[in-house]
Amino acid sequence: MQEDLGEDGEWGTSEQGALTGVSLGIATGNFYVSGDQPLSNFSEQAICEFSNLGAKWIRIEADVPGVDADTYRRIVQKAHAKNIKVVVVVPARYCGGTTQAEIDAFTSGYVTHLNELATTIFTGTAAADAYEIGNEPNVTENLCPDGVSRFRVAPNAFAWLQRQAWNWKTGNGRAELLISGGVLNTYTTEPFWTPFFTSAAFTGFPGSRPFDFFGIHPYNPANMDVNCINAGYTTCFTGWKNSVKNGLVTVANRVNTATGTTGSKLFATEFGFQVVSGNSCTGVDNCTLVNSLPTGSPPYLQLAAAMAAAGDALVQSNVTPNAIWYDYRDDAVEGFGLRSVWDSTTEKYLVKTAAWNKFRSMAGGMGSTNPEACWVKGDYFNVPFETGDTLRSTSAGDWAYGYYKGECAPGERIMGLSKSVANGWARMGICYKDPLDSGRYKHPTPTFPLCTIRTVLNGSDRGATPTKPGDWDPGNYLAECSPTEYVAGVAQTTDNKFSHILCCPATVSATSCTTVAFGSADNRETDDSGNWDAAGTKGECGVGRYVAGVSRTPAGQPNALLCCNQ
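What counts, and where the lines are drawn
Residues numbered from 1 in each chain as written. Predicted model: local features only at pLDDT ≥ 70, side-chain atom pairs only at ≥ 80, totals over all residues. Heavy atoms only, no water. Helix = DSSP H or I, 4+ residues; strand = E, 2+ residues; numbered from the N terminus. Rg over C-alpha atoms; globule rule 2.2 N^0.38 Å. Buried < 20%, exposed > 50% of the residue type's maximum accessible area, 1.4 Å probe, protein only. Areas by Shrake-Rupley, 256 points an atom, 1.4 Å probe, with all protein chains shown as cover. Lys, Arg positive; Asp, Glu negative; His and termini not counted. Charge placed at Lys NZ, Arg CZ, Asp CG, Glu CD. Disulfide = S-S within 2.5 Å. Axes fitted to C-alpha atoms, helices over the stretch in contact; angles between N-to-C directions. Parallel < 35°, antiparallel > 145°, perpendicular 65-115°, else oblique. Contact = heavy atoms within 4.5 Å. Nonpolar A, V, L, I, M, F, W, Y, C, P; charged D, E, K, R; others polar. Pairing = 2+ DSSP bridges. Core = buried A, V, L, I, M, F, W, Y, C linked by side-chain atoms within 4.5 Å. Expected span 1.5 Å × (residues − 1). Salt bridge = Lys/Arg side-chain N within 4 Å of Asp/Glu carboxyl O.

A. Just the overall build of the protein chain, in detail. Across its full length, the protein chain carries ten helices and 27 strands. Expected size for 566 residues packed as a compact globule is a radius of gyration near 24 Å; at 27 Å, the protein chain falls within 12% of this value. Dimensions of the protein chain along its principal axes, counting C-alpha atoms only, are 80 × 60 × 50 Å. Here the protein chain holds 566 residues, and 57% of them are scored as buried. Carbon and sulfur atoms form 51% of the exposed surface of the protein chain, whose accessible area is close to 21,200 Å². In the protein chain, which carries 41 positive and 55 negative side-chain charges, the distance between the mean positions of the two groups comes to 3 Å.

Quick look at the structure:
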């Protein structure tokens, strides 16, 4: 019989003000590569904010169209750097028949894909801490090819999906936690529950839970005092809170009974306050008003009050040690985020201050109380070196005597390089001082070791240990720093042949390195710096990234940057 996970399974928080015995996290939402401030370029800032809020988990979704493996890895690595764990949802949909052979084919294909994700994308420092096996299987939809309305995953198929994923975990010695895909609401009398828990995937394996946590989404659109909400009060959620608490306990008991175990724990991979569509609420944000009484009070006090009620339900259930707020930013349908819409004037997602502060208090956040602390833009400095030196520091000495040089100051790093449209030679570098991580970048002082120089006048110079194995720009000369260095300066000959890079010590991960070629057109991972050289084609690394190398053609023209994660 499986044992109760006990205290080690709870990851409880000890900070003053945090919920007792419950660790909170945040669902990022699917803004990975699109929209304003996507996680592909702004994971450093977003996860810095999550850390300040006290989040212990983030929840992301695999298989989102257009999201590349490096973006997924970058998100996980940034989270881990802030001691935040990551749940990866692996979606599931079943449109097949009811025979065991058909179900086995579905679960086998799913597990093959799960294994592929775990061995090719979420690996090493980017390994997931938990996988959520499916998501809201009991939602009814008509997205199958035949257009027939049915559960997203039929109950028996969903039960076998959990069992086969568990066999994959135990058979391969996987360390990741498995969470059953969060079932919507806690009404165990709904049609989905009984065929799910009476499946042979449970009854045939007494004493064995096929997951570490049972996933649940305790929204429960019931016991609502709609008149109270429409009047703007913040004391409307007691009945709903009690419904959720009792539902969580009932679900845990059903899991114990079905699996023949004791001490089953739930993981609320989404929680919040939501209501059934078509009710008579007049407000926004899932039936909470923008402004709550008394008149003139800060916005979203009702949302904060509903969040607090949900937190109380989680604690009082004593079976839900982990819960993830849905979500960070408003999505297209549900306005349930800690931030709402993009404000093009301020270039910010507007903060729902009351809800943001309430989450921070409940999660035990010890970081900045300023929601914008992580979003302050750094400073950019142009260093033209087409016709002479531009030196923001001389601490490295004259590291390329007789050559034209551009060099950043201590705490800054080269983020981009441009090539003259008219002549093809290097024109300008751009230095960046990061308000979050300038301390990573260390020019030589009496305390730190000296910088090193790479010379590419006659071929590649990648040092004894290159940052990225293999030829990352075939046919060209590669100037490359070691994995513990960054490019702090660039140089060219007086007849404009790219010649040197200055590599200085850094505290960086040197991961997710990609080639950013700009020999024939702009190629920029971010445009935060503006159009810093209108007369050149520009290569630029993204936010939270740095330049680890520069390539040049045999004729001497700069061609590409090697951009890596910090």
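B. Quick peek at the state of the cysteines. In this structure the tally under the stated criterion is nine disulfides. Each sulfur of the disulfide joining cysteine 48 and cysteine 374 lies 2.0 Å from the other. The sign of the -60° torsion about the S-S bond sets the cysteine 48-cysteine 374 disulfide as left-handed. Remark: cysteine 374 occurs in the loop between α10 (353–363) and β14 (379–384) and cysteine 48 occurs in helix α1 (residues 39–53); sequence separation between them is 326 residues. For the pair cysteine 48 and cysteine 374, a shared accessibility class is recorded, and that class is buried. Sulfur-sulfur distance for the disulfide between cysteine 281 and cysteine 287 comes to 1.5 Å. Taking the sign of the torsion about the S-S bond as the criterion, the disulfide between cysteine 281 and cysteine 287, at about -65°, is left-handed. The pair cysteine 281 / cysteine 287 is uniform in exposure class, with both members buried.

C. Structural context of the packing of α1 against α10. α10 packs onto α1 with a crossing angle of 60° between their chain directions and a minimal axis gap of 8 Å. Overall, the two elements α1 and α10 adopt an arrangement that is oblique. From α1, Glu49, Asn52 and Leu53 reach across to α10, where they touch Trp356, Phe359, Arg360 and Ala363. Here the contact of α1 with α10 is built from residues that sort into four nonpolar, one polar and two charged.

D. Geometry of the pairing of strand β16 (residues 404–407). Going residue by residue along β16, you find Tyr404 and Gly406 tucked away on one face and Lys405 and Glu407 tucked away on the opposite face as well. Bridging between strand β15 (residues 390–391) and β16 involves two bridges; their strand directions are parallel. When the sheet's bridge partners are listed, threonine 390 is paired in β16 with glycine 406. Pairing of β16 with strand β21 (residues 485–492) involves four bridges; the strand directions are antiparallel. Across the sheet, residue tyrosine 404 finds its bridge partner in β21, namely glutamine 492.

E. Highlighting the sheet that holds strand β7 (residues 177–180). Ordered by their spatial adjacency, nine strands build an open sheet running β7-β4-β3-β2-β1-β11-β10-β9-β8, and the pairing between neighbours is parallel. The open sheet has two edge strands, β7 and β8 (183–184), and neither has a second partner. Here five bridges tie strand β2 (residues 57–61) to strand β3 (residues 85–90), and the two strands are oriented parallel to one another. Considered in β3, the bridge of tryptophan 57 is made with lysine 85. Sheet strands touched by helix α2 (residues 69–81): β2 and β3. Its angle to β2, the strand with the most contacts, is close to 175°.

F. Molecular detail of the nonpolar core. If you look at the biggest cluster of nonpolar residues, it comprises 114 residues, and the most contacted ones within it are Ile60, Phe122, Tyr131, Phe214 and Phe359. If sequence neighbours within four positions are ignored, isoleucine 60 has contacts with Thr28, Tyr32, Tyr72, Ile75, Val76, Val86, Val87, Val88, Val89 and Phe122. Of all hydrophobic cores here, the second largest spans 27 residues; its members include Cys408, Ala426, Cys431 and Cys503.

G. The environment of asparagine 167, seen in detail. By the secondary structure assignment, asparagine 167 is in helix α4 (residues 155–172). Placed 44 residues apart in sequence, asparagine 167 and phenylalanine 211 show a C-alpha to C-alpha distance of 9.9 Å.

H. Spotlight on unusual backbone geometry. In the segment running from tyrosine 326 into aspartate 327, the intervening peptide bond is cis, with an omega of 0°. Here the phi dihedral of glutamine 37 falls at roughly 50°; this positive angle occurs in a residue that is not glycine. Examined against the element boundaries, glutamine 37 turns out to sit in the loop between β1 (23–27) and α1. A relative accessible area of 14% means that glutamine 37 is categorised as buried. Look at glutamate 347: it is not a glycine, yet its phi comes out positive at around 55°.

I. Structural detail: α4. The end-to-end C-alpha distance of α4, which contains 18 residues, comes to 26 Å, matching closely the 26 Å that a straight helix rising 1.5 Å per residue would cover. For α4, the set of buried residues is Pro155, Ala157, Phe158, Ala159, Trp160, Leu161, Gln162, Arg163, Ala165, Trp166, Trp168 and Lys169. Phi turns positive, to about 60°, at glycine 173, one or two residues after α4.

J. Highlighting the pattern of salt bridges. Enumeration according to the criterion identifies 26 salt bridges in this entry. A salt bridge links glutamate 141 to arginine 93; the shortest N-O distance between them is 2.5 Å. Within this pair, whereas glutamate 141 is found in strand β5 (residues 140–141), its partner arginine 93 is found in the loop between β3 and α3 (100–121), the two being separated by 48 residues in sequence. Taking the relative accessible area as the measure of exposure, arginine 93 reaches 39% and is therefore partly exposed. The network of salt bridges with shared partners includes Glu44, Lys78 and Arg440.

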